[in-house]
Amino acid sequence: MTTVYTCFCTDIVHEGHLNIIEEARKRGRVIVGCLSDRAIIRYNKIIPTISQNERIKLYRSIPGVDEVVIQEDMFYDDVITLIRPKYVLHGDNWKKGPISAIRAHVVELLSVYGGEIVDVPYTYNEKVKKIDLQCREKLAMPEYRRKRLRQLIEMTPIVKVMEAHSGLTGLIVEKTVVEHNGRLDQFDAMWISSLCDSTAKGKPDIELVDMTSRFRTIEDITEVTTKPIIFDGDTGGLTEHFVYTVRSLERMGVSAVIIEDKKGLKKNSLFGTEVEQTQATIEEFSEKIAAGKNAQLTDDFMIIARLESLILDKGMGDALERARAFVSAGADGIMIHSRKKDPAEILEFCDKFRAEDKATPLVVVPSSFNVITEKELSDHGVNIVIYANQLTRAAFPAMQQTAEDILRYHRAKEVDDRLMPIKQIITLIDEI
Ligand code: SPV
Ligand code: MG
């Protein structure tokens, strides 16, 4: 009997799915793949509001479905090797955009034994559009967004985080997908950097931009995106204030706050010892972490302790001692920072920390030691990599150059070639 395969990634079966089953059963025995929770979370597809097992049951109940299997791999390698279907059916929407890389890969897998793809015309109507939109919109709800960082840490080799400081930069982090070597890549989460948030407001990174204003930035971003958020909480401020910050961040659907063990006037870490910066004592900072954990209402939210020992030349021993103490105080993760170009001290810390603590998530921000790759970091036990300021640093020179050139030429024609076309900018933002 001919085997026909199609993969579903949905909580709600609509007429588009029924149409695919109808087409499939004309060709043979129908096996439906249920995309696993792991793959769904990794690729930010939908929020599974029902469990993987319930989705299997749901797909089994569709008339015409003979069997349901779990598909672990977005790229179909596991199921095609196992089932060797004669036909793979999918809506023809996968012929366009980044997901066409998946289609191309399936074509290759099928060509090995003469299998075929059937592109079923995608069902476009108001009802289907609404269901698709609702499924995606759920990703943005605080209760779903908040817990996704922990899920990603659990399910991916390394969580890739990019800075965002506005709705527009949030959209770039949300939507940028690249196809590389037949694989799809995208950022997993957003970092609301104090440096970039302050810079966008034309202010120094010294905790001058107040929390209300920082929260406004978060809201600008949450309104138009769905990916999880890590908030740069600077020193966390007074412990008496930090507990309120924790509650507000949880309410907004932020997944984690990172606070650094400094006190007094905070300056950006990349100044290192060139400016005066004071590290909080282990006791003071542990008390702040414990108070934050105590104030927290959800299980999902994370308070990550950032160590400034290497930045302030206090040595590896001090960094490790602090890491131990802050984990004991309740920190859900450790961020280790360095401003050296050579990643050696970061890797030494990661190896030593991992030798004694296999579980606590490790975060790094390779702004200075940017030669290191994600794979190398992950091999040394790092769970989260934050690209903390690259979008701001890319945009600033481009804007400055454009301003200078318009002054130079007394018109805008000379700069036009490097600008986004007007047509594109007015359609950049999707309307609901
Ligand atoms: C930020 O992005 O604001 C940070 C990281 O805190 S760093 O600028 O490297 O200190
Ligand atoms: Mg900062």
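The preceding data block contains the structure.
So, how was this worked out
Residues numbered from 1 in each chain as written. Chains lettered and ligands numbered in written order. Predicted model: local features only at pLDDT ≥ 70, side-chain atom pairs only at ≥ 80, totals over all residues. Heavy atoms only, no water. Helix = DSSP H or I, 4+ residues; strand = E, 2+ residues; numbered from the N terminus. Rg over C-alpha atoms; globule rule 2.2 N^0.38 Å. Buried < 20%, exposed > 50% of the residue type's maximum accessible area, 1.4 Å probe, protein only. Contact = heavy atoms within 4.5 Å. Lys, Arg positive; Asp, Glu negative; His and termini not counted. Charge placed at Lys NZ, Arg CZ, Asp CG, Glu CD. Core = buried A, V, L, I, M, F, W, Y, C linked by side-chain atoms within 4.5 Å. Pairing = 2+ DSSP bridges. Axes fitted to C-alpha atoms, helices over the stretch in contact; angles between N-to-C directions. Patch = residues over 30% accessible without salt bridge, like charges linked within 9 Å, V, L, I, M, F, W, Y side chains within 5 Å. Areas by Shrake-Rupley, 256 points an atom, 1.4 Å probe, with all protein chains shown as cover. Salt bridge = Lys/Arg side-chain N within 4 Å of Asp/Glu carboxyl O. Donors = N, O, S within 2.8 Å, 3.2 Å for Na, K, Ca; no water. Near = heavy atom within 4 Å. Polar contact = N/O pair within 3.5 Å; in protein donor to acceptor, adjacent residues only side chain to side chain.

Caption draft 1: Structural detail: the overall build of the chain. Helix and strand counts for the chain stand at 17 helices and 17 strands. The C-alpha atoms of the chain give a radius of gyration of 24 Å, which matches the 22 Å a tight globule of 432 residues would have. Based on the C-alpha atoms only, the size of the chain along its principal axes is roughly 75 × 65 × 40 Å. By residue count, 50% of the 432 residues in the chain fall in the buried class. Of all intrachain contacts in the chain linking residues separated by at least 6 positions in sequence, the fraction that spans at least 24 positions is 74%. Where the 58 positive side-chain charges of the chain centre and where its 67 negative ones centre are 3 Å apart.

Caption draft 2: Broad picture of the nonpolar core. Of all hydrophobic cores here, the largest spans 48 residues; its most connected members are I218, L249, F326, I334, I336 and F349. Broken down by element, this core gets its largest block of residues, six residues, from helix α13 (residues 316–328). Among residues more than four places away in sequence, those in contact with F349 are L307, M316, A319, L320, A323, I334, I336 and L362. Ranked by size, the runner-up nonpolar core spans 22 residues in total, among them V69, A101, L110 and L184.

Caption draft 3: The arrangement of the sheet that holds strand β6 (residues 159–163) in detail. Pairing is parallel around the closed barrel formed by eight strands, whose spatial order is β6-β9-β10-β11-β14-β15-β16-β17. Sheet twist, expressed as the mean angle between neighbouring strand axes with direction ignored, is 25°. Pairing of β6 with strand β9 (residues 189–192) involves three bridges; the strand directions are parallel. Along β9, the bridge assignment pairs E163 with W191. Sheet strands in contact with helix α14 (residues 344–356) are β14 (302–307), β15 (333–336) and β16 (362–364), and its direction is about 175° off that of β16.

Caption draft 4: Highlighting a nonpolar patch on the surface. A surface patch of nonpolar side chains, amounting to about 760 Å² of accessible area, comprises L168, I172, M420, I422, I425, I426, L428 and I429. Per-element tally for the nonpolar patch: the top contributor is helix α17 (residues 422–426), with three residues. If you trace the backbone, I425 turns up in helix α17. Of the residues examined, I425 reaches a relative accessible area of 46% and is grouped as partly exposed.

Caption draft 5: Summary view of the coordination of the magnesium ion (ligand 2). The protein atoms donating to the magnesium ion (ligand 2) are S194 (OG) and D232 (OD), with metal-donor distances spanning 2.1 to 2.2 Å. Here S194 is found in helix α9 (residues 194–200), whereas its partner D232 is found in strand β10 (residues 229–232), with 38 residues between them in sequence.

Caption draft 6: Broad picture of the sheet that holds strand β4 (residues 87–91). What the five strands build is an open sheet, ordered β3-β2-β1-β4-β5; its pairing is parallel. Every interior strand has two partners, whereas the edge strands, β3 (67–71) and β5 (116–120), have only one. Averaged over neighbouring strand pairs, the angle between their axes works out to 30° when direction is ignored. Across six bridges, the pairing between strand β1 (residues 3–8) and strand β2 (residues 29–35) is parallel. Note that in β2 the partner of V4 across the bridge is V30.

Caption draft 7: Up close: the site of ligand 1. Around ligand 1, a shell composed of W191, S193, S194, L195, D232, N268, S269, L270, R306, H337 and A388 is seen. A distance of 2.8 Å is found between an oxygen atom of ligand 1 and a side-chain nitrogen or oxygen belonging to S193. In this structure, L195 approaches ligand 1 through a main-chain N or O atom, which is 2.9 Å from an oxygen atom. Burial of ligand 1 by the surrounding chains reaches 99%, relative to a free accessible area of 280 Å².

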